[in-house]
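# Analysis of the macromolecular model
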Amino acid sequence: VLKAWPVCSEVRRTALIRGLQVMADSPISAAVLIDSLVAITRKEYGGSEPPWPVFEALMPLVLRQLPLGASFRDERLYDVMNDAIGNISHQSLMEIIDHWIELVHQYVFSGVPSDYMLGVTNILISGVSRETSERGVRIERLLAVPGTASRIRVVTDLVDAWDNLKDVERARLLQHLT
């Protein structure tokens, strides 16, 4: 699909996305699709112009369905999401962030998530305007991640982003630290 994407008509692209969405809405398919999605910005996978509509349509479903313990390159998830900022809709970005935070909450019960998995904090701060109220509840969820090591990473990322935090977000972080 990714190789054929540049030469497909809009009608064909729409049909491909619909079919892939049906397929992606299962844990087994999600475990298979995640590797291609996190590599979509690599020229050997997504071509010279990444097919952002495919990514945007599938990644929220894939992260929602991804079974705990599924193997994927979390550093690529972080990189592709960093690249996705500004290339996908705000709604899709928020859905992906929400599912990613949920994954982090699940991963802490089987070990400490990597810095890349916990990088959702950076994606939230850099991808969502401080002028909205959408970050607050997500920052709360990140600060509530079980495990000291995971929370330290979240706090470190929020402290590093201090200048990009709203006063209410700073107050919440300070409250968490005291």
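Residues numbered from 1 in each chain as written. Predicted model: local features only at pLDDT ≥ 70, side-chain atom pairs only at ≥ 80, totals over all residues. Heavy atoms only, no water.

### Considering the pattern of salt bridges
When the charged atoms of two side chains with opposite charge come close together, those side chains can pair. By the definition in use, this model includes 12 salt bridges. In this structure, Arg 141 and Asp 98 form a salt bridge, with 3.6 Å as the shortest nitrogen-oxygen distance. Of this pair, Arg 141 sits in helix 8 (residues 134–143) while Asp 98 sits in helix 6 (residues 90–107), and the two are 43 residues apart along the sequence. Each of Asp 98, Glu 102, Arg 138 and Arg 141 takes part in a single network of salt bridges with overlapping partners. (Salt bridge = Lys/Arg side-chain N within 4 Å of Asp/Glu carboxyl O. Helix = DSSP H or I, 4+ residues; strand = E, 2+ residues; numbered from the N terminus.)

### Some remarks on helix 8
Buried within helix 8 are the following residues: Arg 135, Arg 138, Ile 139, Leu 142 and Leu 143. The buried residues of helix 8 occupy an angular sector of 140 degrees when the element is viewed end-on, so they sit on one face. Packing partners of the buried residues in helix 8 comprise helix 6, helix 7 (120–127), helix 9 (148–160) and helix 10 (167–177). (Buried < 20%, exposed > 50% of the residue type's maximum accessible area, 1.4 Å probe, protein only. Arc of directions from axis to C-beta. Contact = heavy atoms within 4.5 Å.)

### Topic: the side chain of Arg 76
With respect to the helices, strands and loops of the structure, Arg 76 is situated in helix 5 (residues 74–84). The buried charged residue Arg 76 lacks any salt bridge partner; its closest oppositely charged side chain belongs to Glu 75, at an N-O distance of 5.3 Å. Once you skip the residues sitting within four places of it in the chain, Arg 76 turns out to touch Val 38, Ala 39 and Arg 42. (Lys, Arg positive; Asp, Glu negative; His and termini not counted.)

### Looking at helix 4 (residues 52–65)
Helix length check: helix 4, at 14 residues, gives a terminal C-alpha distance of 20 Å against a target of 20 Å (1.5 Å per residue), a fit within 8%. Bending of helix 4 peaks at approximately 35 degrees at the position of Leu 58, with proline Pro 60 no more than four residues after it. In terms of burial, helix 4 is largely enclosed, as 10 of its 14 residues are buried. Listing the buried residues of helix 4 in full gives Trp 52, Val 54, Phe 55, Ala 57, Leu 58, Met 59, Pro 60, Leu 61, Val 62 and Leu 63. (Expected span 1.5 Å × (residues − 1). Bend = angle between axes of the 7 residues up to and from the residue.)

### A word on the packing of aromatic side chains
If you walk through the whole model with that rule in mind, you get two aromatic pairs. Here the aromatic rings of Trp 52 and Phe 55 are separated by 5.5 Å at their centres, their planes lie at 85 degrees, and the arrangement is edge-to-face. With Trp 52 and Phe 55 both in helix 4 and three residues apart, this pair spans about one turn of that helix. For the pair Trp 52 and Phe 55, one class covers both residues: buried. (Phe/Tyr/Trp six-rings, centres within 6.5 Å; stacked < 30°, edge-to-face > 60°.)

### Thoughts on the confidence of the model for the protein
Considering every residue of the protein, the mean pLDDT works out to 93; 99% of them sit at 70 or more. When pLDDT is averaged over each helix and strand of the protein, the minimum, 71, is found for helix 3 (residues 43–46) and the maximum, 97, for helix 7. (pLDDT = per-residue confidence, 0-100.)

### Some words on the nonpolar core
Taken as a class, soluble globular proteins show a tendency for nonpolar side chains to be buried jointly. Residues Phe 55, Met 59, Met 81 and Trp 100 are the most contacted members of the largest nonpolar core, which totals 58 residues. Only helix 1 (10–24), helix 2 (27–38), helix 4, helix 5, helix 6, helix 7, helix 8 and helix 9 provide two or more residues apiece to this core. Residues in contact with Phe 55, not counting those within four places in the same chain, are Leu 37, Ile 40, Pro 60, Val 80, Met 81, Ala 84, Ile 88 and Ile 96. (Core = buried A, V, L, I, M, F, W, Y, C linked by side-chain atoms within 4.5 Å.)

### Quick notes on the environment of Arg 172
Positionally, Arg 172 belongs in helix 10. Considered as a pair, Arg 172 and Ile 139 are 33 residues apart in the sequence and their alpha carbons are 8.7 Å apart. Excluding residues within four positions of it along the chain, Arg 172 makes contact with Glu 140 and Leu 143.

### Here we look at the environment of Thr 132
Here Thr 132 is to be found in the loop between helix 7 and helix 8. On the basis of relative accessibility, which here comes to 25%, the residue Thr 132 falls in the partly exposed class. Separated by 32 residues in the primary sequence, Thr 132 and Asn 164 place their C-alpha atoms 12 Å from one another.

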